[in-house]
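What follows is the residue order along each chain.
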Amino acid sequence: MELCLYQIDAFAGALFQGNPAAVCPLDRWLPDQTLQNIAAENNLAETAYYVRQGDRYHIRWFTPTVEVDLCGHATLATASVILDIRREIPGPRVVFDARCGELAVERDGDLLALDFPARPPVERAADPQLEAALGAKPSMILGAADCLCVFDTQDEVLALRPNMDQLAAIDWFAYIVTAPGHDCDFVSRFFAPAQGIPEDPVTGRAHTTLIPYWSRRLGKKKMFARQLSKRGGELWCEDRGVRVGIAGRAIRYLQGTIDVPVTDC
């Protein structure tokens with residue numbers, strides 16, 4: 001079977017920045033193992049698949065090793081494919097159905113804005129095992145779907161060199177580290193070694209937790225954030241109560257086809 005494949009740099013200020021995601025449009029769902037094999041072959045943090053259902057889309061996301069329940073940057077990339085590259089609908093809004101519920105992406109000038117459920121964190125007790133894995137002691141540990149570690153300065157976040165094997169052995173899906181930013185409202189990094197992603201370049205999922213935390217701490221509804229990975233990422237953030245807005249740019253890097261053996265659909 002021949003399938004279209006796109007690679008998009010999401011939350012990028014320019015090409016070769018942000019987080020690359022593969023996007024694969026489908027006419028129907030293929031076997032889960034085929035979807036996982038394609039994602040492993042792509043070897044990107046996420047591969048997104050979508051199937052059109054009337055005026056909406058069903059979306060799924062796979063890392064190289066596992067399916068996940070939410071991925072921001074690959075959703076942004078998918079919206080770019082649907083609205084800007086393939087122009088499947090007139091826009092400016094596309095609605096997705098996913099395991100985590102309804103998600104929407106809307107054109108906002110030269111940005112695409114995600115509308116995602118908020119995942120506010122709650123404070124957790126200090127964890128010596130986590131501190132040892134990070135190689136530093138956070139000023140606060142909180143948790144939602146992922147573990148959130150708050151540091152006092154951007155320099156502390158930049159200096160972290162976690163032990164990925166130790167992080168993977170702790171019972172969290174992933175780890176967010178954050179601090180106030182030098183030229184932005186806040187900065188972050190994201191580690192998910194147990195999911196096959198030692199460090200994610202830019203993570204929309206993380207900001208469903210970061211936005212409610214920093215909005216409450218800073219007393220601001222609209223914020224600008226940076227993710228301090230090697231590639232770097234830019235995110236325009238909005239606290240909408242039970243939901244959050246996460247906006248950024250999506251830049252096409254690659255477009256082509258792949259040949260996939262399919263024996264059971």
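All residue numbers refer to positions counted from 1 along the written sequence of the respective chain. Under the rules for a predicted model, residues below a pLDDT of 70 receive no local features and side-chain atom pairs below 80 are neither given nor counted, while totals for whole chains, interfaces and linings still include all residues. To get the side-chain values, take all heavy atoms of the structure and skip hydrogens and water.

Visitor: Help me understand the side chain of Q195 in this model?
Guide: In DSSP terms, a helix is any run of H or I states spanning at least four residues, a strand is any run of E spanning at least two, and both are numbered starting from the N terminus. As for its placement among the helices and strands, Q195 is situated in the loop between strand 13 (186-191) and helix 6 (204-218). Excluding its chain neighbours within four sequence positions, the residues that come into contact with Q195 are T63, T65, V66 and F173. Note on contacts: a residue pair qualifies if any of its non-hydrogen atoms lie within 4.5 Å across the two residues.

Visitor: Would you explain a nonpolar patch on the surface in this entry?
Guide: Patch construction takes residues with relative accessible area above 30% that form no salt bridge. Like charges are linked within 9 Å, and nonpolar side chains (Val, Leu, Ile, Met, Phe, Trp, Tyr) are linked within 5 Å. Using a 1.4 Å probe, accessible areas were evaluated by the Shrake-Rupley method; residue-level cover was limited to the displayed protein chains. Salt bridges are defined as contacts in which a side-chain nitrogen from Lys or Arg sits within 4 Å of a carboxyl oxygen from Asp or Glu. A contiguous nonpolar surface patch, about 380 Å² in accessible area, is contributed by L15, F16, Y253 and L254. Relative to the elements of secondary structure, L15 occurs in the loop between strand 1 (2-10) and strand 2 (19-26).

Visitor: Before we go on, may I ask you to explain the pattern of salt bridges in this structure?
Guide: Working definition: two side chains of opposite charge can pair if their charged atoms are close together. Inspection of every chain in the model, using the stated rule, returns 21 salt bridges. Among the salt bridges present, the one from R231 reaches D9, with a minimum N-O distance of 3.2 Å. Of this pair, R231 sits in the loop between strand 14 (222-227) and strand 15 (233-239) while D9 sits in strand 1, and the two are 222 residues apart along the sequence. When its relative accessible area of 29% is taken as the criterion, R231 is described as partly exposed. When its relative accessible area of 2% is taken as the criterion, D9 is described as buried. Note that D146 and R205 form a salt bridge whose closest N and O atoms lie 2.8 Å from each other. In this pair, D146 is assigned in the loop between strand 10 (140-143) and strand 11 (147-150) and R205 in helix 6, connecting sequence segments 59 residues apart. Beyond isolated ion pairs, a larger network of salt bridges with shared partners links D110, D183, R226, E234 and R249. To sort residues, take the accessible area from a 1.4 Å probe on protein chains only and compare it with the maximum for the residue type: under 20% means buried, over 50% means exposed, and anything in between is partly exposed.

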